[in-house]
Amino acid sequence: MVSRVRVWLNRTYAENVFFMDQLRRNPSDRAVEIHATHGDPDSPVLAAADTAELEPENLSPAGYVEYALDQCARRGIDVFVPRLHQAAIVAHRAEFEAAGTAVLAPPPEAVAVFQDKVIAYEAVQAIGVPVPPWWRVRSGDELISAVEELEAAGHRACFKPASGAGGVGFRVITRSPFSLMHLSGFPSPYVPLDLVLEALGRAEEPVDWLVMPRLEQPEVSVDCLTGPDNRVRLAVGRTKNGRRRGFTLHEQWLDPARRIAEGFGLHYLANIQFRMFGDRPVLMDVNTRPAGGLHQLSLCGVNAPWAAVQLALGEDPGEVVPPFLGQDYTVVSGPRPLRPVQLPQQRPEATEQQPLPAVPAGSVGTTAPQATVGALPL
C-alpha cells in the first residue's frame, strides 16, 4: 500500500488554495494531506488545509527556521513548500532532509541571485538573455538622471523596489502635476515626479529602487518545473494582455526561460516573466517559487504542483508536455470558505500560538467574496 504524502505550505498566497486542490486531485491517485500555516486566521489556505496553525509573529529568519524544523518533525511533513523566509530555509536544507522533509525550492545560490533585481539582471544578461535598460536609484538626483535619460529616448519611466515580489511598490512616473484627476476613479500606479522627489527629500533613509522603461504587453509568465539535475521538465507560458489571458509554447518566450531555469538551477517550480521592449521580449522578473496563477495550467491538462511534489520525492515524472493549450480566458473573483470559528488577531508581542483545531478540507464557514480568483473562458 502506498503511503499518503504530507505537504506543508507556509504563509502563502490565497490563490494557492487551487495549488492544494490540484495536489488532492493528482493523476497518481495518491492520498495527500495538507498542512498550512499563516499569520492571518482568515486566510483561506487555512480553511482549505487538513490541519492548520497560526504562525508566531516577529520571528527572525533563524528563529523561523527552528519553528519550521519543529513543524516538519511534529507533523511528519514529507514535502515543504516555503514562501516566507525561503532564503533562510533553503540554507538549512540538509537539516530538513535529516528530519525526513524534502524542501520544494531552489538551492540557496539560486535564491540569492534573484532576491535582488539588479544582481538578477546582471547575471541573466551575462548568459545572453535580454533585459531592459535599468538604473539603480538611491537618491533624488539619481532618480532625476534616470528619468531624464529614459524620457530623452522616448520612454516612460517607472520604478519598483530592487528587492520585492508581487508588484508591490511598482509606480509609473508622470510629469503631470497632482490634481483632482489623481483623486477620481480607482487609485492608479501613476505618481507625479515632483511628489516622489518631495517624499525622497523627507525620507530618513535612502531608498533602493530599480528605474526602467515602462514595458509593453503582452506579459508572458513562463512556469518552469526543473529537476535537481538542472533539466527542465515543463515550460509553459501564460500570456496576459489586458483582461485576456491565454497560453503559449512559442520559443521566443520558452527558450530564454529554460536558459535561466537551467543556468541558475531554479529547481522545482519557478516563474519567469517577460514583457516587450520595442520589438523583442525582455526579462521582467524571476520568482523562485510557484506562481499564484500556476493552477491555470490545469486548463492545458497539466497538474504542475503534483509533478513538482513527485520530483521532490525522487519520483521523476519525466517530461511534462501539455496535451493541448487551453482556450483564452479571464480571471474573476469568487467566494471561498473560511474557518468556521473567528479567531482573535495575533498580538504583535505574542511569541507562541496554540495550534488551531484541525478542520476537514471543504468545511464551510463564513465566506470571503474576493478571497481567491478562478479562471473562466472567453
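Anything mentioned here points back to the structure above.
Residues numbered from 1 in each chain as written. Predicted model: local features only at pLDDT ≥ 70, side-chain atom pairs only at ≥ 80, totals over all residues. Heavy atoms only, no water.

Q: Mind laying out the overall build of the chain, listing which residues take part and the relevant values?
A: Along its length, the chain carries 11 helices and 17 strands. For 378 residues, the compact-globule estimate of 2.2 N^0.38 gives 21 Å, and the C-alpha radius of gyration of the chain, at 22 Å, lies within 12% of that figure. By principal-axis analysis of the C-alpha atoms, the chain measures approximately 65 × 50 × 45 Å. Sorting the 378 residues of the chain into buried and exposed places 51% on the buried side. For the chain, contacts bridging at least 24 residues in sequence account for 67% of all contacts bridging at least 6. Element-wise, carbon and sulfur atoms account for 53% of the exposed surface of the chain, whose accessible area totals about 17,500 Å². Across the chain, the mean location of the 34 positive side-chain charges is 5 Å away from that of the 43 negative side-chain charges. (Helix = DSSP H or I, 4+ residues; strand = E, 2+ residues; numbered from the N terminus. Rg over C-alpha atoms; globule rule 2.2 N^0.38 Å. Buried < 20%, exposed > 50% of the residue type's maximum accessible area, 1.4 Å probe, protein only. Contact = heavy atoms within 4.5 Å. Areas by Shrake-Rupley, 256 points an atom, 1.4 Å probe, with all protein chains shown as cover. Lys, Arg positive; Asp, Glu negative; His and termini not counted. Charge placed at Lys NZ, Arg CZ, Asp CG, Glu CD.)

Q: Tell me about the pattern of salt bridges, and please be specific about residues and values.
A: According to the stated counting rule, one finds 27 salt bridges in the structure shown. Residues R74 and D70 are paired through a salt bridge, measuring 2.9 Å at the closest nitrogen-oxygen approach. Taken together, the residues R74 and D70, both in helix α3 (residues 61–75) and 4 residues apart, mark about one turn of the helix. Looking at R74, the relative accessible area reads 45%, which means it is partly exposed. With a closest N to O distance of 2.8 Å, E198 and R202 form a salt bridge. Of this pair, E198 and R202 both sit in helix α9 (residues 193–202), separated by 4 residues, roughly a single helical turn. (Salt bridge = Lys/Arg side-chain N within 4 Å of Asp/Glu carboxyl O.)

Q: Go over the nonpolar core with me, naming the residues and quoting the values.
A: With 40 residues, the main nonpolar core has V7 and L104 as its most contacted residues. Looking at this core element by element, the count peaks at 7 residues for helix α11 (residues 304–312). Ranked by size, the runner-up nonpolar core spans 35 residues in total, among them A110, L266, A270 and M276. (Core = buried A, V, L, I, M, F, W, Y, C linked by side-chain atoms within 4.5 Å.)

Q: So what's going on with the sheet that holds strand β4 (residues 79–81)? Which residues, and what values?
A: Within the open sheet, the 5 strands sit side by side as β3-β2-β1-β4-β5. Their pairing is parallel. Bordering the open sheet on either side are β3 (51–54) and β5 (102–103), each of which pairs with just one other strand. Sheet contacts for α3: β1 (5–9), β2 (32–38), β3 and β4; angle to β1, the most-contacted strand, approximately 155°. The strands touched by α11 are β1, β2, β4 and β5; relative to β1, the strand with the most contacts, the crossing angle is about 110°. (Pairing = 2+ DSSP bridges. Axes fitted to C-alpha atoms, helices over the stretch in contact; angles between N-to-C directions.)

Q: Tell me about the pairing of strand β15 (residues 280–287), and please be specific about residues and values.
A: Most of β15 sits out of view: 7 of its 8 residues are buried. Here 7 bridges tie strand β14 (residues 268–277) to β15, and the two strands are oriented antiparallel to one another. Paired with F274 across the two strands is L283, which belongs to β15. Where β14 folds back onto β15 in an antiparallel hairpin, the turn is made up of 2 residues, including G278, whose phi is positive at roughly 70°.

Q: Pulling in residues and values, what's your account of the packing of aromatic side chains?
A: Considering all chains together, one arrives at 8 aromatic pairs under this definition. Both rings, one in W8 and one in Y67, keep their centres 6.3 Å apart while their planes meet at 75°; by these two values the pair is edge-to-face. Within this pair, whereas W8 is found in strand β1, its partner Y67 is found in helix α3, the two being separated by 59 residues in sequence. The pair formed by W8 and Y67 is uniform in burial state, with each residue classed as buried. Relative to Y329, the ring of F247 has its centre 5.3 Å away and its plane inclined at 25°; by these criteria the two rings are stacked. Of this pair, F247 sits in strand β13 (residues 244–248) while Y329 is found in strand β16 (residues 329–334), placing the two residues 82 residues apart along the sequence. Take F247: its relative accessible area is 11%, and that puts it in the buried class. An aromatic cluster of at least three residues, connected via ring pairs, comprises W8, Y64, Y67, F80 and F96. Its end group placed over the ring of Y13, R83 keeps NZ or CZ at 5.0 Å from the ring centre. (Phe/Tyr/Trp six-rings, centres within 6.5 Å; stacked < 30°, edge-to-face > 60°. Lys NZ or Arg CZ within 6 Å of the ring centre and 35° of its normal.)

Q: Can you lay out the packing of helix α1 (residues 17–24) against α11 for me, pointing to particular residues and giving the numbers?
A: For the pair α1 and α11, interaxial distance at closest approach is 8 Å and the crossing angle is 65°. As judged from the angle between their axes, α1 and α11 are roughly perpendicular. The two elements α1 and α11 meet at a crossing, and its hand is right-handed. In this structure, α1 contributes F19, Q22 and L23 to the contact, and α11 contributes P305, W306 and V309. For the contact of α1 with α11, the per-class residue count stands at 5 nonpolar, 1 polar and no charged. (Parallel < 35°, antiparallel > 145°, perpendicular 65-115°, else oblique. Left-handed = near helix turned anticlockwise from the far one by under 90°. Nonpolar A, V, L, I, M, F, W, Y, C, P; charged D, E, K, R; others polar.)

Q: Residues and numbers for the state of the cysteines, please.
A: With the rule as written, the count across this model stands at 0 disulfides. Note on C224: no disulfide assigned, nearest cysteine sulfur contributed by C300 at a separation of 14 Å. In this structure C300 comes out as buried when scored by relative accessible area, which is 1%. (Disulfide = S-S within 2.5 Å.)

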